[in-house]
Amino acid sequence: MTEGRAHFPIEPWSLTEVGIDHDSLAVNESVFALANGHIGMRGTLEEGEPGVVPGTYLNGFFEERPLPYAEAGYGFPEEGQTVVNVTDGKLIRLLVGDSPLDLDYGEIVKHTRTLDLRAGVLKRCTEWRSPNGRTVEVSSTRLVSLTRRAIAAIEYEVRCTDDGGDLYVAIQSDLLANEVVENSGSDDPRAAAALRKPLQSEQHVGRGRHAVLVHQTKTSRLRMAAGMDHEVQTPDSASEDLEVSADLARYTLAARLPAGSRLRMVKYLAYGWSSRRSSAAVRDQVEGALSIAKLAGWDRLVSEQRELLDQHWAQADVVIEGDDELQQAVRVGMFHVLQAGLRAERQPIPAKGLTGPGYDGHTFWDTETYVLPVLTYTAPEAVRDALIWRWSTLDLARARAAELGHEGAAFPWRTIRGEETSGYWPAGTAAFHVNADIADAVARYQAATRDEVFEAQYGVELLVETARLWASLGHFDDGRGFRIDGVTGPDEYTAVVDNNVYTNLMAQRNLREAAAAVGRHPDVGGRLRVTDEELDLWSRAAEAMRIPFDTELGVHMTSEGFTRHQEWDFEGTDPQKYPLLLHFPYFEIYRKQVVKQADLVMALHLRGDHFTHEEKVADFAYYEARTVRDSSLSAAQQAVVAAECGHLELAHDYWGEAALTDLQNLHGNSGHGLHIASLAGGWTVAVAGFGGMRDHDGKLTFAPRLPPRLTGLAFRMVFQGRCLRVRVTQQDVTYRLLDGEDLEIGHHGEVVTVGSEDLVLPVPPAPPVEPVRQPAHCAPRRRGRPATR
């Protein structure tokens, strides 16, 4: 085998792997994953080997498993949920003479794979010399359709490139269920639980070049079907065969290839699942989708994909001048964010999207706080679906709140179907801020779209039930305001605390938004039995919300008493002992001033309307010195606030860390799947960081400034039926509406009106600011700066 370490050229609209690197196989399988929100396929090679995690996933399709406890407690969830690696349709094995194509053997003459961000496909080209001396070129194009939710397809071509005469080859195209996935044995809590043969066969049918397998999970009793069909073009004589069994359907094509000739096969795939429909109904659903896709044909599928992405980039693209690596990373991230949610259609958007099994395929609060804001301004229809999914789980959330002794709805910290599945209370159910995060996403979507139907049917109820939870969780403390005690904020290193500032400020917004929504829809308020007394309680609680402040230090406390905790010994901490959660007991972490991820700093961004500029500068400096970024969620938020405070170069570094999290595997676990929230942060830093965009009270304001290393930044966003383009240079900014009526916005504190003509305004210089420091060994991990851990 001939092999050089793979490398990735910097390209503006694609990501190309040149060569193959066995050490990075799992990470590249995640990076090259294709999905549409319903189907997810990891970027494994068609032949399956070499590979690490050969995942294929259906959004919302999971198996249940018991959650073990050494000591059980009241209110502890009893069942966990784990995403299932479903029937694999990516497999296409090639035999060259009697030698199977395997990049671990023979000689790799050339090998590239390219993720095309405009075409929405994964292309592969391999020239390989087999141990028997024959040389072939294998090319494939893989697509998971963004327009046809149930469909994926692969175009696979084999060309004889040597002059050794006729070449006999065989292609084996499989559907394989209960695929063996090696258990890493990792103690990392971010990894997935192992499932052994989770699928039980119910039906297997085949005819000609067509086969369908139907399976059901053993415990959750969910049913899924996968189907395949083929079109083939052979240059000479060929034979075909189909075999179908419970867990394997295999179409085999044997062909003779004269020198220089080419064999072409298109493999069409369809997937579906249901918790209610019969085996026959799910099979028929897949059969129908497969027939329609084959009738449309490969060229139609490819052109539809390109057309949809052309439309998306026309209203969502970010252009960065002066940092080509970051340009590529931001577009890769935006592509994966779109893939994660576009066709989810009333299913959750998991933390890893559908790119891997990490976190058991669960969705968390970062969907609403990181991912949905990006989609709100680039693909709002996906946000509507995601929030309707949350609404569909309201009965479960109400039941959970009642179980905990509270009113309203308590949404789960982590889940697939809607039940709480976190077995660790301090970093699970105690993080009640997820409920305010959902409310925040509802309010943002409503302000950005003015979707009155959504608000009346779904939004008001989500806002009301979460507001009821806060009114029930908190209490009035005479002379000290409205308190919310015993909760965990975004920082999981500071758990079960009183008056977490982020939680309290987001709850305050939740209470006010709920009251305003009931005012706009009194009929819905009546149906939900909202009383005047309840509205008055929400108003008083919001007005009296307790926000801890250390008058001696002149900074806000992330929670009551935090600034009086013992300092963590960063200088004495071994750089190899990060993340701290894997090397120190939680008791030691919880009682020290060490921050896993942006918490109060995130409040400075999302509730920036509550703070003065001077408070933001002081708070950012204090918490910057104590934040270790053991979470991929941190860098983007630190970048946004750093930019606002005037630390533009630091913000640029954090931007790179957020956008390059997976391309550089900065947290060491990208092989489990991509960090979709961090990738969303690439857009967030561009627009909210250096574009200075804020959407407080449903109005758009901008305060753009660029770091020294950039010469220009441009982005587009949709808002209330308009498409706004913003172009920033070191000297000025140009606003222009590409469609829609005139729009009133804010620019560095001045109200201006943007129309269809360029509006050019000056960019004022950043105010002077004192340098800030990070904990020892925790400087931004990015290009041109030596890694310290």
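What counts, and where the lines are drawn
Residues numbered from 1 in each chain as written. Predicted model: local features only at pLDDT ≥ 70, side-chain atom pairs only at ≥ 80, totals over all residues. Heavy atoms only, no water. Helix = DSSP H or I, 4+ residues; strand = E, 2+ residues; numbered from the N terminus. Rg over C-alpha atoms; globule rule 2.2 N^0.38 Å. Buried < 20%, exposed > 50% of the residue type's maximum accessible area, 1.4 Å probe, protein only. Contact = heavy atoms within 4.5 Å. Areas by Shrake-Rupley, 256 points an atom, 1.4 Å probe, with all protein chains shown as cover. Lys, Arg positive; Asp, Glu negative; His and termini not counted. Charge placed at Lys NZ, Arg CZ, Asp CG, Glu CD. Core = buried A, V, L, I, M, F, W, Y, C linked by side-chain atoms within 4.5 Å. Salt bridge = Lys/Arg side-chain N within 4 Å of Asp/Glu carboxyl O. Pairing = 2+ DSSP bridges. Axes fitted to C-alpha atoms, helices over the stretch in contact; angles between N-to-C directions. Parallel < 35°, antiparallel > 145°, perpendicular 65-115°, else oblique. Left-handed = near helix turned anticlockwise from the far one by under 90°. Nonpolar A, V, L, I, M, F, W, Y, C, P; charged D, E, K, R; others polar. Phe/Tyr/Trp six-rings, centres within 6.5 Å; stacked < 30°, edge-to-face > 60°. Lys NZ or Arg CZ within 6 Å of the ring centre and 35° of its normal.

1. Regarding the overall build of the protein chain
Counting its regular elements, the protein chain contains 18 helices and 33 strands. Its C-alpha atoms give the protein chain a radius of gyration of 27 Å, within 12% of the compact-globule value 28 Å for 789 residues. Judged by the C-alpha coordinates and their principal axes, the protein chain covers about 90 × 60 × 55 Å. Looking at the protein chain residue by residue over its 789 residues, the buried ones come to 63%. Put simply, of all contacts in the protein chain between residues at least 6 apart along the chain, 68% involve residues at least 24 apart. Roughly 28,100 Å² of accessible area belongs to the protein chain as shown, and the carbon and sulfur atoms make up 48% of that amount. Between the averaged position of the 81 positive side-chain charges in the protein chain and that of its 113 negative side-chain charges there is a distance of 2 Å.

2. A word on the nonpolar core
Counting residues in hydrophobic clusters, the biggest one holds 201 residues, and the most contacted among them are Leu 94, Trp 655, Phe 702 and Leu 713. The element that contributes the greatest number of residues to this core is helix α9 (residues 452–473), accounting for 11 residues. Once you skip the residues sitting within four places of it in the chain, Phe 702 turns out to touch Gly 691, Gly 692, Met 693, Phe 715, Met 717, Leu 724, Val 726, Tyr 735, Ile 745, Gly 746, His 747 and His 748. Counting 19 residues, the second largest nonpolar core, distinct from the first, contains Ala 225, Val 286, Leu 290 and Leu 301.

3. A closer look at the pattern of salt bridges
Under the counting rule described, the total for this entry stands at 65 salt bridges. Two residues, Arg 509 and Asp 609, come together in a salt bridge whose shortest N-O distance is 3.9 Å. You can see Arg 509 sitting in helix α10 (residues 501–520) and its partner Asp 609 sitting in the loop between α14 (600–606) and α15 (613–624), a full 100 residues away along the chain. For Arg 509, a relative accessible area of 13% translates into the label buried. For Asp 609, a relative accessible area of 39% corresponds to the partly exposed category. Its salt-bridge partner being Asp 550, residue Arg 564 comes within 2.9 Å of it at the nearest N-O pair. You can see Arg 564 sitting in the loop between β24 (555–556) and β25 (566–567) and its partner Asp 550 sitting in strand β23 (residues 549–550), a full 14 residues away along the chain. Taken together, the salt bridges that share partners define one network made up of Asp 395, Arg 398, Glu 461, Glu 465, Arg 468 and Glu 534.

4. A closer look at the pairing of strand β14 (residues 199–207)
Direction of pairing for β14 relative to strand β15 (residues 210–217): antiparallel, over a ladder of eight bridges. Paired with Arg 207 across the bridge in β15 is His 210. The hairpin formed by β14 and β15 contains two residues between the paired strands, and Gly 208 there has a positive phi angle of roughly 60°.

5. Observations concerning the packing of helix α4 (residues 324–341) against helix α18 (residues 676–690)
Axis separation between α4 and α18 bottoms out at 8 Å; the angle between their running directions is 125°. Judged by the angle between their axes, α4 and α18 are oblique. When the axes of α4 and α18 are compared, the crossing they make is left-handed. Facing Val 330, Gly 333, Met 334, His 336, Val 337 and Ala 340 of α4, the residues of α18 in contact are Ile 676, Leu 679, Ala 680, Gly 682 and Trp 683. Partitioned by chemical class, the residues of the contact of α4 with α18 number eight nonpolar, three polar and no charged.

6. Some words on the packing of aromatic side chains
Throughout the structure, instances matching the rule amount to 23 aromatic pairs. Centre to centre, the rings of Trp 365 and Trp 413 are 6.4 Å apart; their planes meet at 20°, and the pair counts as stacked. Here the residue Trp 365 occupies a position in the loop between α4 and α5 (366–376), and Trp 413 occupies one in the loop between α7 (394–403) and α8 (433–449), the gap between them amounting to 48 residues. The pair formed by Trp 365 and Trp 413 is uniform in burial state, with each residue classed as buried. Taking the centre distance of 6.3 Å and the plane angle of 15° together, the rings of Tyr 377 and Trp 683 count as stacked. Here Tyr 377, found in the loop between α5 and α6 (380–392), pairs with Trp 683, found in helix α18; they are 306 residues apart in sequence, far enough to count as distant. Like Tyr 377, the residue Trp 683 is buried in the burial classification. By the ring-pair criterion, three or more aromatic residues cluster together here, those being Tyr 359, Phe 364, Trp 365, Tyr 370, Trp 413 and Tyr 502. Over the face of the ring belonging to Tyr 622 we find Arg 626, whose NZ or CZ atom lies 3.7 Å from the ring centre.

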